[in-house]
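Residue strings, one per chain:
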Amino acid sequence: SRRHSVNRPPTPDVRDDDDDRPKKPSLLEIVNIKLIESGEKERLMELVRERLVECGWKDEMGALCRAVVKKNGRENVTVDDLVRAITPKGRASIPDSVKAELLQRIQTFLVSVAH
Amino acid sequence: MSARNYSFTTPKPCKHLVDYKLKHGLKGYNLIQDSLICGPYGTSMINKPKSEIPRCSFCSGYNGRFYMCLICSSVTCRIASESNHTLLHSESNDSHEIAVDIERAELYCCVCCDQVYDPEFDKAVVCKKMMGLPENGNGGIEGGEFRLSKRKRLDFGADFDLKSVKRLVLRKKQRSKSCFPLGLRGLNNLGNTCFMNSVLQALLHAPPLRNYFLSDKHNHERCCRKSSSDKLCLPCDIDVIFSAVFSGDRSPYSPAKFLYSWWQHSENLASYEQQDAHEFFISVLDGIHEKLGKASHAIKDKEDCQCIAHRVFSGLLRSDLTCTSCGFTSSTYDPCLDISLDLNISASSSSSDFTSKPNETIPVSTLAGSLDLFTRPEKLGSDQKIYCENCREKQNALKQMSIKKLPLVLCLHIKRFEHSTIRKMSRKIDRHLQFPFSLDMNPYLSSSIVKKRFGNRIFSFEGDELDVSTEFEVFAVVTHSGMLESGHYVTYLRLTNQWYRCDDAWITEVDEEVVRASQCYLMFYVQKVICNKGSDDMSCQPVLPLADPFVPIAGYC
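Let us look at the structure shown here. What you see is a predicted model; the values in this text were computed from it and never measured.

**Here we look at the sheet that holds strand E13 (residues 378–379) of chain B**
Residues and elements named next belong to chain B.
- Reading across the sheet, the 4 strands line up as E10-E9-E16-E13 and stay open at both edges, with antiparallel pairing between neighbours. Pairing within the sheet leaves two strands with one partner each, and these edge strands are strand E10 (329–336) and E13.
- Taken together, the 2 bridges between E13 and strand E16 (residues 397–405) define a ladder with antiparallel strand orientation. Residue pairing for E16: glutamate 378 is matched across the bridge by lysine 399.

Below is the structure:
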């Protein structure tokens, strides 16, 4: 018969002492830590800021924020509201050239720390 | 929309901030001062050891924004509204409610989940920043000019002698289409001289300049310079043009004598070739200054030149060089007769419409964009390191321009002609520039620019120049159409709310839209307080000292 699933042993419980042990850092975390410790992350942040100012992205976000404040009233807007409001359009309107440049830089960095 | 004289009003503190202040006063702020360092753009931030990354005391995460509690200095993170450990911190520690954004050195209330503002906090940040720096080369602490700025004396450039000026008051409704205001007269083209005619039209209608010549401040018949050896006096020739254009005679006028005089003044530009209108504008002002200014070869005095050209057009630009390592800034001031702006090419349309698709942004260049570009901090290349007095070594620097003093009449020059010495060619940028008829120059003042440099502060310094008038109205636009070598200049004049197109000898009434769609090259704005654009109801207005007495006359053609 095909009812093997019924006879399957129960899913093992997660053992309690796993929670006490420090979690092994993921690859993403290791990369991020390396980026920060070498100062490269700060440089990349500066680069991104510069590019986003140059292409007018920052001004556009500023205008969006002003629109939100105007609509809801100055007293009724928090930083979180603004972030939530502009994040979708913000992420979508990053020029491809900026993304490409950033990826290139990160790639170069990864190659350099691999050695 | 906002109150005229204030670029901000201090927001009310939340009750948590109030409680905190009552309990702790300025203690926490002063402690923070010790941890403040200079960030990459010269703004303040909380020091964190480079080798360590900030981690949230709750989750050990390293993403999002970090806040340091003012009471216990523990650091927590906040990732927008998804995960807010600053809130958890305040919930698990009684009255630990106020924190500082580590990246920005700005106050935050954990309970309200929002930024809060306290002038005393900002003062602490700003003071710390400046105390750590020596006096800059100009003898003043950078940004620390706490004195109140002197009330700006509005200089009209001429005292209006009403007796020598005809007063004509009429009702606008009676004005027929063919009746133009006084002072509108076509100028004949004397051989590719549209560059001259276009600028002359703008000068003829620059309120302080017009008032000066029409109130006889420089009379060409009485001028003593005529008897001098060179017999050359541009102000005299200009006076002649004013008299001719405002005489009431509507037939096109030929400014031949003026052209001849100008050729003698600017020998290198004397030819029948088309010249650059901007170059002509500067050389005319120079010609006026030469005759009417103080000894032109004298060493630059502390006093400003009082010749009419400078009194009307001269402003002061400030150039700041900031060391990116320590934030030390040195400033230099240079007078200017105009501001040359690059077109904001990479602009995307700043529509506040959320629903527009991301790929539909149409690049629109605006005057505001160009002015932003002009005052934007520019990172100097690593081959352009400057010597920082504070660090005592060459460092990377940021350069930033701003306007220290606005002139009465602001001439904005759009750099449409690109000359490349390398490729030995020039080209014209035809891109349309959107410009407003009413312009507020406040965001480009040195006080505004410097304030932004300290980050998001609710603290007024440099006197904030609240009483400086920054609102301008456009009154003339010199446009260029066609190619670089064979183009044509046309000026649009705005007189009592009506636009006129001045194309050499031909003057016609046009609608606003025509002006907005034109390709502006030189834009002339006058301070709102000394112009009277004319209200809609012009029936028998009492003539105020500032009012323009030259209102349209019905029946006078």
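**Thoughts on the pattern of salt bridges**
- With the rule as written, the count across this model stands at 26 salt bridges over all chains.
- Here B:Lys379 ties to A:Glu46 by a salt bridge, and the two come within 2.6 Å at their closest N and O atoms. On the criterion of chain membership, the pair formed by B:Lys379 in strand E13 and A:Glu46 in helix H4 (residues 40–54) is interchain, its members lying in two chains.
- Look at A:Glu46 and you get buried, because its relative accessible area is 16%.
- Among the ionic pairs, B:Glu512 bridges to B:Arg516, the shortest N-O distance being 3.3 Å. Here B:Glu512 and its partner B:Arg516 are both found in helix H13 (residues 512–517), 4 residues apart, which amounts to about one turn of the helix.
- Classification of B:Glu512 as partly exposed rests on a relative accessible area of 36%.
- Here the salt bridges share partners, and the residues they tie into one network are A:Glu40, A:Arg43 and A:Arg105.

**Looking at the packing of aromatic side chains**
All names here are of chain B.
- Under the counting rule described, the total for this entry stands at 18 aromatic pairs over all chains.
- Summarising the aromatic geometry, the rings of phenylalanine 195 and phenylalanine 280 are spaced 5.5 Å apart at their centres and angled 80° between planes, so their arrangement reads as edge-to-face. Taken as a pair, phenylalanine 195 in helix H5 (residues 194–204) and phenylalanine 280 in helix H9 (residues 277–292) lie far apart in primary sequence, 85 residues in all. Across this residue pair, the class does not change: phenylalanine 195 and phenylalanine 280 are buried.
- Summarising the aromatic geometry, the rings of tyrosine 212 and phenylalanine 213 are spaced 5.2 Å apart at their centres and angled 85° between planes, so their arrangement reads as edge-to-face. Per residue, the accessibility class of tyrosine 212 equals that of phenylalanine 213, and both read buried.
- Joined through ring pairs, the aromatic side chains of Phe195, Phe258, Trp262 and Phe280 make up one cluster.
- Directly above the ring of phenylalanine 437 sits arginine 516, whose terminal nitrogen or CZ lies 3.7 Å from the centroid.

Each value, and the rule that gives it
Residues numbered from 1 in each chain as written. Chains lettered and ligands numbered in written order. Predicted model: local features only at pLDDT ≥ 70, side-chain atom pairs only at ≥ 80, totals over all residues. Heavy atoms only, no water. Pairing = 2+ DSSP bridges. Helix = DSSP H or I, 4+ residues; strand = E, 2+ residues; numbered from the N terminus. Salt bridge = Lys/Arg side-chain N within 4 Å of Asp/Glu carboxyl O. Buried < 20%, exposed > 50% of the residue type's maximum accessible area, 1.4 Å probe, protein only. Phe/Tyr/Trp six-rings, centres within 6.5 Å; stacked < 30°, edge-to-face > 60°. Lys NZ or Arg CZ within 6 Å of the ring centre and 35° of its normal.

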